[in-house]
Amino acid sequence: MRELSVGDDTLGGMTLDTVVLTGAAGRVGSVLREPLRRGLRRLISVDRVALTAQGPGEEVRRAELSGVEDVASVIEGADAVVHLAGVPDEAPLADLLEANVLGAHHVLEAARLVGTRRVVLASSNRLTGCYPATRMVSAEMPPRPDGLYGVSKVAVEALGRLYADKFGLEVVCLRIGSLESEPSEPRHLATWLSPHDCAGFFWAALTQPVTFATAYAVSANTRRFWELDDHIDYRPRDDAEAYVHRILKADEYFADDRLQGGEYATADYTIRHGLNSWSSSTS
Ligand SMILES: NC(=O)c1ccc[n+]([C@@H]2O[C@H](COP(=O)([O-])OP(=O)(O)OC[C@H]3O[C@@H](n4cnc5c(N)ncnc54)[C@H](O)[C@@H]3O)[C@@H](O)[C@H]2O)c1
């Protein structure tokens, strides 16, 4: 893995002019806007909520992306799309299918129709959250989602693969770790993704020569349980272990026989966030 910083696209990958960022007002989008703006000639940041441009090179659009035409109208002429818009946690399956699965399909289909070369899809570590925390997991291993949200990301990645195999789009699925300014709980010692490394992974996903790749985006944490992928040649810089002194009961947490998803992988989490509305509507 090589050192790579935002703005450096000298690895023989594609030269970028215009990139569209969906879900730009959210947690991940807010971390990516500034570095992408600096690295690109033109960044188009899109969200259903209003945004203000952060400086030269960024254009903002307020749009509800609810169909192929909505997406096509904002991505026409762009070289790539980073698609972040969606529901980022456990929720009723119908909501996840609409926001995440249909949402990703609209983006991929719009990209095919208007000729956008590359799509970077926000996937999630929760797609493999039911693996034991003692196991090193790679993106080649079968999904073991820790909830309905993880299931939606399995479908998102499958759509990406389909559009790469069948229609020749370049697609990168990034399984984002826990994006936080600093790690604040024991699980983050394995799963933390620092803002700096987040920008590095997305820049690599936009610029490196790939036809299809699925990769974990996680910092260089000593207790990391996901393998880095050679196709996305970015070497993360930060290590959550530097914050271990602030995290209570870290060793106890890792001594226990638990699943990678931690609390997310419990039955109760899905019952409370994903199934409650179903049981109350049928009772
Ligand atoms: N934050 C993390 O640590 C993390 C970890 C793993 C995966 N992810 C994935 O990254 C992506 C972004 O996550 P986030 O934490 O920034 O979520 P977020 O909820 O903070 O942001 C999502 C943004 O998308 C916008 N949006 C949603 N639907 C839209 C639509 N139809 N049209 C226009 N705008 C719409 C929302 O207004 C919001 O600003 C998600 O796909 C999530 O599953 C995030």
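Whatever comes next refers back to the structure up there.
So, how was this worked out
- Residues numbered from 1 in each chain as written.
- Predicted model: local features only at pLDDT ≥ 70, side-chain atom pairs only at ≥ 80, totals over all residues.
- Helix = DSSP H or I, 4+ residues; strand = E, 2+ residues; numbered from the N terminus.
- Rg over C-alpha atoms; globule rule 2.2 N^0.38 Å.
- Buried ≥ 20, exposed ≤ 12 C-beta atoms within 10 Å, placed from the backbone.
- Contact = placed C-beta atoms within 7 Å.
- Axes fitted to C-alpha atoms, helices over the stretch in contact; angles between N-to-C directions.
- Parallel < 35°, antiparallel > 145°, perpendicular 65-115°, else oblique.
- Left-handed = near helix turned anticlockwise from the far one by under 90°.
- Nonpolar A, V, L, I, M, F, W, Y, C, P; charged D, E, K, R; others polar.
- Near = placed C-beta within 6 Å.
- Pairing = 2+ DSSP bridges.
- Core = buried A, V, L, I, M, F, W, Y, C linked by C-beta atoms within 7 Å.
- Right-handed = clockwise from strand over helix to strand, strands pointing away.

A. Broad picture of the overall build of the protein chain. Across its full length, the protein chain carries 8 helices and 9 strands. By the compact-globule yardstick of 19 Å for 283 residues, the protein chain fits well, its C-alpha radius of gyration being 18 Å. Principal axes of the C-alpha set define a box for the protein chain whose edges measure 50 × 50 × 35 Å. By the burial criterion, 49% of the 283 residues in the protein chain qualify as buried. Expressed as a percentage of contacts within the protein chain between residues at least 6 apart in sequence, the contacts between residues at least 24 apart total 70%.

B. Up close: the packing of helix α3 (residues 93-114) against helix α4 (residues 148-167). Axis separation between α3 and α4 bottoms out at 9 Å; the angle between their running directions is 15 degrees. Classified by the angle their axes make, α3 and α4 are roughly parallel. In this structure, the crossing between α3 and α4 has a hand that is right-handed. Residues Leu93, Leu96, Leu97, Asn100, Val101, Ala104, His105, Leu108 and Arg112 of α3 lie in contact with α4, whose contacting residues are Leu148, Tyr149, Ser152, Lys153, Ala155, Val156, Leu159, Gly160, Tyr163 and Phe167. Considered class by class, the residues forming the contact of α3 with α4 number 13 nonpolar, 4 polar and 2 charged.

C. How the structure looks around the site of the ligand. In the vicinity of the ligand there are 22 residues, among which Gly23, Gly26, Ala122, Ile176 and Leu179 approach most closely. Secondary-structure elements contributing two or more residues to the shell around the ligand are α1 (27-39), β5 (118-124) and β7 (178-179). The element best represented in the shell around the ligand is α1, accounting for 3 residues.

D. Representation of the sheet that holds strand β3 (residues 58-62) within the structure. Taken together, the 7 strands give an open sheet; going across it, the order is β3-β2-β1-β4-β5-β6-β9, and neighbouring strands pair in parallel fashion. The open sheet is flanked by β3 and β9 (212-217), the only strands paired with a single partner. The sheet shows a mean angle of 20 degrees between the axes of neighbouring strands, taken without regard to direction. The pairing of strand β6 (residues 170-176) with β9 spans 6 bridges and is parallel. Among the inter-strand pairings, Arg175 is bridged to a residue of β9, identified as Tyr216. Strands β1 (18-22), β2 (42-47), β3, β4 (80-83), β5 and β6 of the sheet are contacted by α1, whose axis makes an angle of about 165 degrees with β1. Of the strands in this sheet, β5, β6 and β9 touch α4, which is tilted by about 160 degrees from β5.

E. The arrangement of the nonpolar core in detail. Of all hydrophobic cores here, the largest spans 71 residues; its most connected members are Val19, Leu21, Val119, Val120, Leu174 and Phe202. Here this core gets 8 residues from one element, more than from any other, and that element is helix α6 (residues 195-207). In this structure Val120 touches Ala80, Val82, His83, Val172, Leu174, Phe202, Ala205 and Leu206, once residues within four positions along its chain are discounted.

F. Highlighting the pairing of β1. With 4 of 5 residues buried, β1 is to be regarded as a mostly interior element. Bridge count for β1 against β2 is 5 bridges, and the pairing is parallel. Following the sheet pairing, Leu21 is matched in β2 by Ser45. Handedness of the crossover is the feature at issue here: the chain leaves β1, passes through α1, returns alongside β2, and the resulting connection is right-handed.

G. The environment of Arg33, seen in detail. Here Arg33 is to be found in helix α1. Setting aside its immediate chain neighbours within four residues, Arg33 contacts Leu21, Ala24, Ser45, Gln54 and Glu58.

H. A look at unusual backbone geometry. Phi is positive for Lys249, which is not a glycine, with a value near 60 degrees. Lys249 gets classed as exposed once you count the C-beta atoms within 10 Å, which come to 11.

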